Structure formats: structure tokens, C-alpha cells
Amino acid sequence: MSADLGLMNYLHTEGVHFIGLIQSYGYSNFVLFLSRCGDPRNAFLVYFPLTYFLHQSVGKRVLWVAAVSEWLNAVLKWILYGDRPYWWVQETKLYHGKPPHLQQYKLTCETGPGSPSGHAMVTASVWYVMVSALIFYKLKAGSSRILPMVCWIAVLLDMPWSLYCLNLCSRCVSVLYSCAFPPPGGVRNIGRYYSCNHI
């Protein structure tokens, strides 16, 4: 591509090449399963009832965080209006009528802008609340026996956050794989989720 392309066109073309690369590995059934697991509806249909059953206070926080992050996601989609890569490739003139082949999936056909990703945003927010509560209540339960558990504190703190990061990365890769949102948005979105959860 020539040097006179705008930064966004450059980022989109590099993102399309990255999506083509990860789609070339296959694994579509597994990646689409990950995408279905990260569906924002699961926050209301799975995570909220489960956490409310286990601990009412945490369940209420999960419900509120899911509702606010879903609303914030809709507002940010209106403001940012990020094109979905599958459709951007078809509409741009950069490829001179010969766009690269990207596979299309059910998630690709969602209407509206693709960035920020609701799958990643809502999942990140809800799982942040659940992991924080897990660590808090696990440490609170073990605080009376803290000396014998000193070596386990690192495991108790690191393992849930490692699973949280793995979950977030799998959500981002799954929506990238299905061309649902552009890769430059992935880095932006992770920063947004992190900052929203610490407000």
C-alpha cells in the first residue's frame, strides 16, 4: 500500500491481513463456540442467575455491570462507528476490485457498527466483577487461617486473573475470527474495559 493512505486505512488493511491469517488456521467450530460463550446475553441469562444464587450482592452487581456496559457499548458504537472488516473489505477502493477472501459467519452479519465489541466489553465487565468477588470472598474465608495458607495466596490471586485474561483474549480472538470487529479496535477495547472497571 502507498504511503499516502491514512492511518486508519493502514490499520484496517493490516487488520484484514491478520484476520485472514487467523482464519487460515481453521478451528472455526471451536472459535465460533467461544464467540457464543461470550455472547452479551449470557450476562443476563447465565452469569446473573448463577451469581445471584451463590451470593445475592454479587449477583446484583453483575446485573448492574452487565446493563451499564451493554448501554455504554451501544453509545460508543454510535460515537465511534467502527466498520466491520468483512464489509469494509467489500466497500473500500484500496484493493482495486480484488479484495482478500474473508470467511463470513453468522456473527459477521450483525447489523450496525462493529467497534467496540459487545461480546468482549460485556464479558470483560461481568467477569471482572465475578473474579473480584471470588478473590475477595475466598481470601475473607481463609483469613482466619492465613499463616498456613501463605503459599496459596499467590495462587488464589493469580489464577482467577489469569483465567480472566485468557477469557478476554479468547473473546477478542473469536470476534476477530468472525470479522465482527477490526483488530485496531481490539487494543483500544481492552484499554477501555480496564479503565471502565477501575472507575
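Up top you'll find the structure we're talking about.
**Describing the packing of helix α3 (residues 41–54) against helix α4 (residues 56–80)**
Line of reasoning, step 1. At a closest axis distance of 6 Å, the pairing of α3 and α4 adopts a crossing angle of 160°. Comparing the axis directions of α3 and α4 gives the class roughly antiparallel. At the point where α3 passes α4, the crossing takes the right-handed sense. Only Q56, V58, G59, K60, V62, L63, A66 and A67 of α4 make contact with α3, whose side of the interface consists of A43, F44, Y47, F48, T51, Y52 and L54.
Line of reasoning, step 2. For the contact of α3 with α4, a count of residues per class yields 11 nonpolar, 3 polar and 1 charged.

**A few points about the packing of aromatic side chains**
Line of reasoning, step 1. Counting across every chain of the model gives 5 aromatic pairs.
Line of reasoning, step 2. Ring centres 5.7 Å apart and planes at 45° place the aromatic pair F48 and Y52 in the tilted group. Here Y52 and F48 lie together in helix α3, a separation of 4 residues that amounts to about one turn.
Line of reasoning, step 3. The exposure class of Y52 is partly exposed, given its relative accessible area of 33%.
Line of reasoning, step 4. On the basis of an interplanar angle of 90° and a centroid distance of 5.5 Å, the ring pair of W161 and Y164 is categorised as edge-to-face. Of this pair, W161 and Y164 both sit in helix α7 (residues 150–177), 3 residues apart, roughly one helical turn.
Line of reasoning, step 5. What makes W161 partly exposed here is its relative accessible area of 28%.
Line of reasoning, step 6. Put simply, the rings of Y128, W161 and Y164 pair up and form one aromatic cluster.

About the criteria used
- Residues numbered from 1 in each chain as written.
- Predicted model: local features only at pLDDT ≥ 70, side-chain atom pairs only at ≥ 80, totals over all residues.
- Heavy atoms only, no water.
- Axes fitted to C-alpha atoms, helices over the stretch in contact; angles between N-to-C directions.
- Helix = DSSP H or I, 4+ residues; strand = E, 2+ residues; numbered from the N terminus.
- Parallel < 35°, antiparallel > 145°, perpendicular 65-115°, else oblique.
- Left-handed = near helix turned anticlockwise from the far one by under 90°.
- Contact = heavy atoms within 4.5 Å.
- Nonpolar A, V, L, I, M, F, W, Y, C, P; charged D, E, K, R; others polar.
- Phe/Tyr/Trp six-rings, centres within 6.5 Å; stacked < 30°, edge-to-face > 60°.
- Buried < 20%, exposed > 50% of the residue type's maximum accessible area, 1.4 Å probe, protein only.

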